Amino acid sequence: MRSLTLLVALAAFWLALSGHYKPLLLGIGAVVVVLAVALAHRMRIADEEGVPVEFVPGTLLYMPWLLVEILKSSWNVALIIINPRLPISPTMTVVRASQSSPVGVNVYANSITLTPGTVTTGVDDTSLTIHALARDGADDIETGRMDAHVTSIFG
């Protein structure tokens, strides 16, 4: 099952990146994808960690929510930038990640960094050090809404 999922994902990725649908290129892509999956299967890395198919449904729900958060944060950062007084208040804060797996903590840290105005500067087990452009951004992270969304998907 995981090998089949990996095959479909790699084929879709190949098609998305190549952008060419000529028979020769499709054939080369098919051969490369099959070889990559065979190698992953032989190396025994097409397992639950290498191909985490159980996260797919939750990820499909999480991505639109994260996109909305990125857009809202982008708007706030744009307003700060165009303000003649440039009302920034750089802030460092430490938050706890409630995820039980390293994958969950990683997704949480990357989600914070993807949101404009905030950057995860350090991760120590379940403790994340965050730099925020303005205190409002740090306050938003400290509410734990993003943490709760990531935890609901990645445990």
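Counting starts from 1 at the beginning of each chain's written sequence and moves along it residue by residue. Selection of residues for local features in this predicted model requires a pLDDT of at least 70, selection of side-chain atom pairs for listing and counting requires 80 or more, and totals for whole chains, interfaces and linings are taken over all residues. Excluded from the side-chain calculation are hydrogens and water; included are all heavy atoms of the structure.

(A) Up close: the pattern of salt bridges. Any carboxyl oxygen of Asp or Glu that lies within 4 Å of a side-chain nitrogen of Lys or Arg is treated as forming a salt bridge with it. A complete count under the given rule lists five salt bridges for this structure. A salt bridge links glutamate 69 to lysine 72, with the nearest nitrogen and oxygen atoms 3.0 Å apart. One end of the pair, glutamate 69, and the other, lysine 72, are both in helix 3 (residues 56-82), three residues apart, so they sit about a helical turn from each other. Notably, a salt bridge pairs aspartate 140 with arginine 145, separated by 3.6 Å at the nearest N-O pair. Here the term buried applies to any residue with accessible area under 20% of the maximum for its type, exposed to any over 50%, and partly exposed to those in between, with areas from a 1.4 Å probe on protein chains only. Residue classification places aspartate 140 among the partly exposed residues on the basis of a relative accessible area of 36%. Salt bridges sharing common partners tie together Glu69, Lys72, Asp140 and Arg145. For the purposes of this entry, the term helix denotes a DSSP run of H or I that reaches at least four residues, the term strand denotes a run of E that reaches at least two, and both are numbered from the N terminus.

(B) Expanded view of the side chain of aspartate 147. Along the chain, aspartate 147 turns up in helix 6 (residues 145-154). Here aspartate 147 is buried and forms no salt bridge, its nearest opposite-charge partner arginine 96 lying at an N-O distance of 10 Å. Counted as a polar contact is a pair of N or O atoms within 3.5 Å, where, for protein atoms, one must be capable of donating a hydrogen and the other of accepting one, and residues adjacent in sequence contribute only when both atoms are in side chains. In this structure the side chain of aspartate 147 is engaged in a polar contact, spanning 2.7 Å, whose partner is the side chain of serine 98. The contact definition used throughout considers only heavy atoms, calling two residues in contact when any of these lie within 4.5 Å. Ignoring sequence-local partners within four residues, the contact set of aspartate 147 consists of Arg96, Ala97, Ser98, Gln99 and Tyr108. The sign given to each residue is positive for Lys and Arg and negative for Asp and Glu; His and the chain ends receive no count.

(C) The arrangement of the environment of alanine 134 in detail. Looking at the secondary structure, you find alanine 134 in the loop between strand 3 (127-132) and helix 5 (135-142). Alanine 134 sits in the buried class, given a relative accessible area of 11%. Separated by 57 residues in the primary sequence, alanine 134 and valine 77 have C-alpha atoms spaced 8.8 Å apart. Excluding residues within four positions of it along the chain, alanine 134 makes contact with Ile80, Ser89 and Thr91.

(D) Structural context of the packing of helix 3 against helix 6. Axis definition: a line fit to C-alpha positions, over the contact stretch in the case of helices; interaxial angles, taken between N-to-C directions, run 0 to 180 degrees. The N-to-C vectors of helix 3 and helix 6 enclose an angle of 165°; their axes lie 10 Å apart at closest approach. Viewed along their axes, helix 3 and helix 6 adopt a mutual orientation that is roughly antiparallel. The crossing of helix 3 and helix 6 is left-handed. Where helix 3 abuts helix 6, its residues Gly58, Thr59, Tyr62, Trp65, Leu66, Glu69 and Lys72 lie against Arg145, Met146, His149, Val150, Ile153 and Phe154. Classification convention: Asp, Glu, Lys, Arg as charged; Ala, Val, Leu, Ile, Met, Phe, Trp, Tyr, Cys, Pro as nonpolar; all other residues, Gly among them, as polar. Taken together, the residues of the contact of helix 3 with helix 6 sort by class into seven nonpolar, three polar and three charged. To sort the angles, those under 35 degrees are grouped as roughly parallel, those over 145 as roughly antiparallel, those from 65 to 115 as roughly perpendicular, and the leftovers as oblique. In this scheme the handedness of a crossing depends on how the near helix is turned from the far one: anticlockwise by less than a right angle means left-handed, clockwise means right-handed.

These results come straight from atomic positions and should not be treated as a statement about function.
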